[in-house]
2 protein chains.
Amino acid sequence: MEFEHVKPMDIEKRSMEIIGQELAEKGITLPADKAHIIKRVIHTTADFEYADTLTFSEHAVEKAKEALRAGATIVTDTKMAWSGINKRTLENLHGKACNFISDEDVAEAARQHGFTRSAASMDKAASLPGPLIFAIGNAPTALIRLYELIEEGKLAPALIIGVPVGFVNVVQAKELIMETDVPYIIARGRKGGSNVAAAICNALLYDLDSSRGMKKS
Amino acid sequence: MEFEHVKPMDIEKRSMEIIGQELAEKGITLPADKAHIIKRVIHTTADFEYADTLTFSEHAVEKAKEALRAGATIVTDTKMAWSGINKRTLENLHGKACNFISDEDVAEAARQHGFTRSAASMDKAASLPGPLIFAIGNAPTALIRLYELIEEGKLAPALIIGVPVGFVNVVQAKELIMETDVPYIIARGRKGGSNVAAAICNALLYDLDSSRGMKKS
């Protein structure tokens with residue numbers, strides 16, 4: 001059993017090289033403007049299926065970047081997704097990340113309406129000043145509620161990252177979002193997760209961060 | 001596109017039913033004492049591969065339960081894994097969850113020794129009173145450091161949950177832990193993640209919680 005000798009700071013770079021090599025071996029060419037996102041999701045999951053299932057609405061990446069440059073708020077459905085987002089990089093862009101799942105008023109609203117707390121937390125988020133990016137890695141009910149709020153004209157997200165994981169209504173909820181005019185990044189099928197949601201946010205953030213770095217130099 | 005009508009509180013139950021059905025269709029029978037753990041990981045990832053790759057040392061589940069009943073401390077390598085652990089259930093068992101990755105002394109020790117911060121955070125955890133459960137979902141370097149501390153006689157974990165994900169030294173680090181005498185739950189191969197680490201912790205916790213419930217009734 002041999003270990004690869006890679007310095008701590010180079011592990012991510014080496015991982016991305018391996019992912020690039022294996023994608024090439026599989027005959028997969030990623031679209032240039034989305035490659036950094038798809039590769040970061042594969043890096044986070046070791047699951048090459050995402051090269052096939054990650055689906056982007058037209059200009060989604062561009063619009064996401066625009067929102068982040070304008071100091072977007074990222075709203076997550078779980079503490080875990082919130083926890084995985086690189087807040088330092090987000091704050092450098094004057095953005096912030098919010099999660100309302102544990103809020104008492106959300107629990108109360110959920111009880112009143114027979115919603116999940118995840119769904120009720122979307123209502124609370126809808127009143128935030130924009131631009132809003134929703135990163136949903138767990139609850140299909142959050143996606144369904146977003147769809148309703150959009151249809152009712154109460155919400156116009158800059159981007160929906162729709163990657164809940166699971167077996168009940170997950171596939172359907174993702175397809176619902178793909179019917180809207182809202183920019184989206186969706187992992188078709190059952191797979192996804194809070195880690196995937198955070199990875200997509202971070203891929204968008206790191207891309208902006210490095211382009212900022214280049215402008216400075 | 002049809003949605004399944006399932007009440008919020010029943011979504012998890014229904015998911016577990018579907019997982020059970022599909023495992024049966026695949027001809028997979030899970031060992032009774034580990035089924036709740038494997039099914040919760042599949043629930044978290046929608047990835048049936050874990051039915052094959054999750055590997056348990058002899059009596060690992062029993063020993064984990066023993067440690068949790070004795071008020072174990074769960075140490076994670078990431079904030080995300082920490083964030084996914086059900087702290088309320090853990091506290092009901094008089095346990096707690098720790099993560100040291102952002103601590104200044106850990107950053108300093110990492111710089112001094114040329115470690116990753118994940119590895120350095122294991123040294124800090126080694127001085128905690130036991131029983132200690134390590135839940136490693138991200139950093140193979142944390143697993144390698146645990147191996148060294150165990151070999152040096154400086155650490156005797158009650159359980160290692162070794163499920164880092166990735167492409168560099170992940171497979172090797174997991175195999176290293178499987179060479180020790182320490183109880184382990186390992187996801188062989190590249191896959192895993194902070195979400196998987198948290199799911200395994202929660203499966204162990206919920207099992208104890210429900211058996212407590214049954215004893216009371």
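Going by the structure above, here's the rest.
Treat the numbers as computed from the prediction; the structure is a model and nothing was measured.

Next up on the list: the interface of chain B and chain A. At the junction of the two partners, chain B supplies 43 residues and chain A supplies 43 residues. The partner of Arg190(B) in a salt bridge is Glu22(A), with the nearest N and O atoms 2.5 Å apart. On the surface where chain B and chain A come into contact, there are 11 residue pairs in polar contact (both at pLDDT 80 or more). Only helix H1 (11-25), helix H2 (35-45), helix H5 (79-84), helix H9 (140-151), helix H10 (170-178) and helix H11 (194-216) of chain B provide two or more residues apiece to the side of chain B that touches chain A.

Turning to helix H10 (residues 170-178) of chain A, a few remarks are in order. All of the buried residues along H10(A) are Val170(A), Gln172(A), Ala173(A), Lys174(A), Leu176(A) and Ile177(A). Buried residues in H10(A) make contact with helix H9 (140-151), strand E5 (159-162) and strand E6 (184-187) of chain A.

Scanning all chains against the criterion turns up 2 aromatic pairs over all chains. Their ring planes at 85° and their centres at 6.0 Å tell us that Phe167(A) and Phe48(B) sit as a pair that is edge-to-face. You can see Phe167(A) sitting in the loop between E5 and H10 and its partner Phe48(B) sitting in the loop between H2 and helix H3 (50-53), one on each of two chains. Phe167(A) gets classed as buried once you look at its relative accessible area, which sits at 8%. Taking the ring centre of Phe48(B) as reference, the NZ or CZ of Lys26(B) above it sits at 4.7 Å.

For Thr141(B), the position within the fold is in helix H9. Each C-alpha atom of the pair Thr141(B) and Gly27(B) lies 36 Å from the other, and the pair is 114 residues apart in sequence. Leaving out residues up to four positions away in the same chain, Thr141(B) has contacts with Ile11(A), Thr116(B), Ser118(B) and Ala119(B). A polar atom in the side chain of Thr141(B) sits 2.7 Å from the side chain of Thr116(B).

What follows deals with the packing of helix H8 (residues 117-126) of chain B against H9(B). Residues and elements named next belong to chain B. Relative orientation of the contacting elements H8 and H9 amounts to 40°, with a least axis distance of 7 Å. With respect to H9, the element H8 is oriented oblique. With respect to the hand of their crossing, H8 and H9 are arranged in right-handed fashion. The segment H8 lies against H9, with Ser-118, Ala-119, Met-122, Asp-123 and Ala-126 engaging Thr-141, Ala-142, Arg-145, Leu-146 and Leu-149. Grouping the amino acids of the contact of H8 with H9 by side-chain chemistry returns 6 nonpolar, 2 polar and 2 charged.

Taken as rigid bodies, chain B and chain A are interconverted by a rotation of 180° and an axial shift of 0.0 Å, the fit giving an RMSD of 0.0 Å. Both copies are brought into coincidence by an operation consistent with a two-fold rotation axis. Looking at the rotation axis and the C-alpha trace of chain B, the residue lying nearest is Met80(B), at 2.7 Å. By residue overlap, the copies meet face to face through one surface: 100% of the interface positions of chain B are interface positions in chain A.

A word on the sheet that holds strand E1 (residues 54-56) of chain A. Residue and element names in this part refer to chain A. As summarised here, the arrangement of the 6 strands in space is E1-E6-E5-E4-E2-E3, forming an open sheet in which the pairing is mixed. Each having just a single partner strand, E1 and strand E3 (96-99) make up the two edges of the open sheet. Pairs of neighbouring strands in the sheet enclose a mean axial angle of 15°, with direction left out of account. Pairing geometry for strand E2 (residues 73-76) and strand E4 (residues 132-136), over 4 bridges, is parallel. Considered in E4, the bridge of Val-75 is made with Phe-134. Strands in contact with helix H4 (residues 60-69) are E1, E2, E4, E5 and E6; relative to E4, the strand with the most contacts, it is inclined by about 120°.

Moving on: the sheet that holds strand E5 (residues 159-162) of chain B. Residue and element names in this part refer to chain B. Pairing is mixed in the open sheet, where 6 strands are placed in the order E1-E6-E5-E4-E2-E3. A strand with exactly one partner marks an edge of an open sheet, and here the two such strands are strand E1 (54-56) and strand E3 (96-99). Taking each pair of neighbouring strands and ignoring which way they run, the sheet shows an average axis angle of 15°. For E1 and strand E6 (residues 184-187), the ladder comprises 3 bridges, and the chain directions are antiparallel. Along E6, the bridge assignment pairs Leu-54 with Ala-187. Along the sheet, helix H4 (residues 60-69) makes contact with E1, strand E2 (73-76), strand E4 (132-136), E5 and E6, crossing E4 at roughly 120°.

With that settled, the discussion passes to the side chain of Thr44(A). Structurally, the position occupied by Thr44(A) is in helix H2 (residues 35-45). Every residue in contact with Thr44(A), bar those within four places of it in the chain, is listed here: Asn195(A), Val196(A), Ala199(A) and Val165(B).

Let's shift gears to the environment of His36(B). Residues and elements named next belong to chain B. On the secondary structure map, His-36 appears in helix H2. For His-36, a relative accessible area of 24% translates into the label partly exposed. Residues His-36 and Leu-23 lie 13 residues apart in sequence; the distance between their C-alpha atoms is 13 Å. For His-36, the residues in contact, after removing those within four places along its chain, are Val-61, Ala-203 and Asp-207.

Cut-offs used in this document
Residues numbered from 1 in each chain as written. Chains lettered and ligands numbered in written order. Predicted model: local features only at pLDDT ≥ 70, side-chain atom pairs only at ≥ 80, totals over all residues. Heavy atoms only, no water. Contact = heavy atoms within 4.5 Å. Salt bridge = Lys/Arg side-chain N within 4 Å of Asp/Glu carboxyl O. Polar contact = N/O pair within 3.5 Å; in protein donor to acceptor, adjacent residues only side chain to side chain. Helix = DSSP H or I, 4+ residues; strand = E, 2+ residues; numbered from the N terminus. Buried < 20%, exposed > 50% of the residue type's maximum accessible area, 1.4 Å probe, protein only. Phe/Tyr/Trp six-rings, centres within 6.5 Å; stacked < 30°, edge-to-face > 60°. Lys NZ or Arg CZ within 6 Å of the ring centre and 35° of its normal. Axes fitted to C-alpha atoms, helices over the stretch in contact; angles between N-to-C directions. Parallel < 35°, antiparallel > 145°, perpendicular 65-115°, else oblique. Left-handed = near helix turned anticlockwise from the far one by under 90°. Nonpolar A, V, L, I, M, F, W, Y, C, P; charged D, E, K, R; others polar. Least-squares fit on C-alpha atoms with pLDDT ≥ 70 in both. Pairing = 2+ DSSP bridges.

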